[in-house]
Amino acid sequence: EIRVSTSDRFSLVDQNLNKIPGQLFNISKTVSQTFPATGEKDVAQKARGKMRVFNAYGTTPQVLIATTRFEKDGLIFRTLTTVTVPGTKVVNGEIIPGGVDVEVVADKAGETYNISPGRFSIPAFNERGDAGRYEKIYGASSEPMKGGIIGRTKVVTESDFNKAKEALQNQLRKEIDDGLKAQTAGLKTIDSLSIKISQPESSAKVDEAAESFTMAIQSSLKTIGFKETDLNGLVKQHTETTRNVTVVPEKLKLGYKSINFKETENLLEFTVTIGGNAYAKIDTDKIKRELAGKDADEIKAYLRGIPGVESAKVVLSPFWIKSIPDKPEKTTINILY
């Protein structure tokens, strides 16, 4: 086993500290899909929606407490939280109202509150005779209010929600993996499972009335890729030094564990496990010296005298060659593992 670190901050291989250069990759994906709701029950559900609250009254921010009423067509919707609406500001000589997005819920259950987009007033300002704020602090929705119903209807079950979540998570992992492969051509990555997946956003929650619901999930992966040749060099140097053997990296099986990506440092640390065959070291220079000038019979005898050699066949070519050259530097030895 070797503990290795790689980073885009490393420019060279460091055999002593087991460091190799890397390249940073950052991938983000979002997937969404609509799923059917399979549950059914009697419900009394209030319509919900979002609107943007504008403050064109003045430069002073306006605080609206939770449950503040907004009215459209005689129907009341209330805010869920306290919000502060920024005041006006001047941009290029034009007065721009401040604005903030809020979620609202109908005052009562029922389909009557499933209304179209439009402008909402704040009754409290009118009730206290504050005509200026009543006119210039208001809400505006760009989408209909939805979900209001009384009666038996389709609802999203916990199973519906979890199956949708699992399906999107699996799709995300595949898209992240495919995206990583496309970006890292020629480089090795080992922590594609370290994907950060956000909590799902759904148009309907568990037990809410809906014929169908749309779910969206985001995910991201930040990791380091490296050249396998750099890692193979570390592996070869380590094993040959510590075990006094020869290894062929391409014939080894490498595994990875204890993977740790330090995001703030763009540093990937991991332990590589090494398995496979190792070979006794062969002193080719000694062999070339001792074979210099020998003929076929002498070569056979020499090779058979090396411990571990089972048999030897010698072929000298062309036919007029009767012995190995006298000068060792004229001989090349190729070792096939």
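Our subject is the structure listed above.
Note that the coordinates shown come from a computational prediction; the quantities given were computed from them, not determined experimentally.

A. Summary view of the packing of aromatic side chains. Within the structure shown, the criterion is met by seven aromatic pairs. On the numbers, 5.3 Å between centres and 80° between planes, the contact of Phe319 with Trp320 is edge-to-face. For Trp320, a relative accessible area of 55% puts it in the exposed group. These aromatic residues form a ring-pair network of at least three members: Phe77, Tyr113 and Phe120. The ring of Tyr138 has Arg119 sitting right over it, with the charged end atom 3.7 Å from the ring centre.

B. Quick peek at the pattern of salt bridges. A full pass over the atoms with the stated rule returns 16 salt bridges. Two residues, Lys41 and Asp207, come together in a salt bridge whose shortest N-O distance is 3.7 Å. With Lys41 in strand β4 (residues 39–55) and Asp207 in the loop between β16 (201–202) and β17 (212–225), this pair connects stretches of sequence that are 166 residues apart. Residue Arg52 is joined to Asp101 by a salt bridge in which the shortest nitrogen-to-oxygen separation is 3.1 Å. With Arg52 in strand β4 and Asp101 in strand β11 (residues 98–109), this pair connects stretches of sequence that are 49 residues apart. Taking relative accessible area as the criterion, Arg52 reaches 31% and is therefore assigned partly exposed.

C. Broad picture of a nonpolar patch on the surface. Residues Ile282, Ile333, Ile335 and Tyr337 make up a contiguous nonpolar surface patch of about 300 Å² in total accessible area. Locating Ile333 in the fold gives a position in the segment after α6 (296–304). Since its relative accessible area comes to 30%, Ile333 is described here as partly exposed.

D. Structural context of unusual backbone geometry. Here the residue pair Ser317 and Pro318 is connected by a cis peptide bond, since its omega of -5° sits within 30 degrees of zero. Its place among the elements puts Pro318 in the segment after α6. Look at Asn92: it is not a glycine, yet its phi comes out positive at around 55°. Of note in the backbone geometry, Asn244 takes a positive phi value of approximately 55° without being a glycine. Looking at the secondary structure, you find Asn244 in the loop between α4 (228–243) and β18 (253–262).

E. Structural detail: the nonpolar core. Counting residues in each nonpolar core, the largest one holds 20 residues, and the members touching the most others are Met51, Val53, Leu64, Phe77 and Met145. For this core, the elements supplying multiple residues, two or more each, are β4, β7 (75–79), β8 (83–85) and β11. Element by element, the count of residues in this core is highest for β11, at four residues. Those residues within four positions of Met145 in sequence are excluded, and the remaining contacts are Ala47, Arg48, Gly49, Lys50, Met51, Phe77, Val104, Tyr113, Asn114, Ile115 and Phe120. Core analysis: the second largest hydrophobic core is formed by 16 residues, Phe226, Leu231, Val247 and Val272 among them.

F. Main features of the side chain of Asn266. Mapped onto the elements, Asn266 comes out in the loop between β18 and β19 (267–275). Beyond its immediate chain neighbours, meaning those up to four positions away, Asn266 contacts Thr6, Ser7, Asp8, Leu24, Lys222, Ile224 and Phe261.

G. Spatial organisation of α4. For α4, spanning 16 residues, the distance from its first C-alpha to its last is 22 Å, which sits close to the expected 22 Å at 1.5 Å a residue. Three or more residues of α4 are buried, namely Asp230, Leu231, Asn232, Leu234, Val235, Thr239 and Glu240. Buried-residue contacts for α4 involve β1 (2–7), β2 (19–21), β18 and β19. Positive phi appears at Asn244, one or two residues downstream of α4, with a value of about 55°.

H. Geometry of the side chain of Gln45. If you trace the backbone, Gln45 turns up in strand β4. Judged by its relative accessible area of 15%, Gln45 falls in the buried class. Once you skip the residues sitting within four places of it in the chain, Gln45 turns out to touch Ala109, Gly110, Gly147, Gly148, Ile149, Asp207, Glu208 and Ala209.

I. Region of the structure containing helix α5 (residues 284–291). Residues Ile287, Lys288 and Leu291 constitute the buried set of α5. Take α5 and look down its axis: the buried residues cluster within an arc of 100°, on one side only. Looking at the packing, one finds that the buried side of α5 touches α6. Looking one or two residues past α5, Gly293 carries a phi angle of roughly 80°, positive in sign.

Criteria and thresholds
- Residues numbered from 1 in each chain as written.
- Predicted model: local features only at pLDDT ≥ 70, side-chain atom pairs only at ≥ 80, totals over all residues.
- Heavy atoms only, no water.
- Phe/Tyr/Trp six-rings, centres within 6.5 Å; stacked < 30°, edge-to-face > 60°.
- Buried < 20%, exposed > 50% of the residue type's maximum accessible area, 1.4 Å probe, protein only.
- Lys NZ or Arg CZ within 6 Å of the ring centre and 35° of its normal.
- Salt bridge = Lys/Arg side-chain N within 4 Å of Asp/Glu carboxyl O.
- Helix = DSSP H or I, 4+ residues; strand = E, 2+ residues; numbered from the N terminus.
- Patch = residues over 30% accessible without salt bridge, like charges linked within 9 Å, V, L, I, M, F, W, Y side chains within 5 Å.
- Areas by Shrake-Rupley, 256 points an atom, 1.4 Å probe, with all protein chains shown as cover.
- Core = buried A, V, L, I, M, F, W, Y, C linked by side-chain atoms within 4.5 Å.
- Contact = heavy atoms within 4.5 Å.
- Expected span 1.5 Å × (residues − 1).
- Arc of directions from axis to C-beta.

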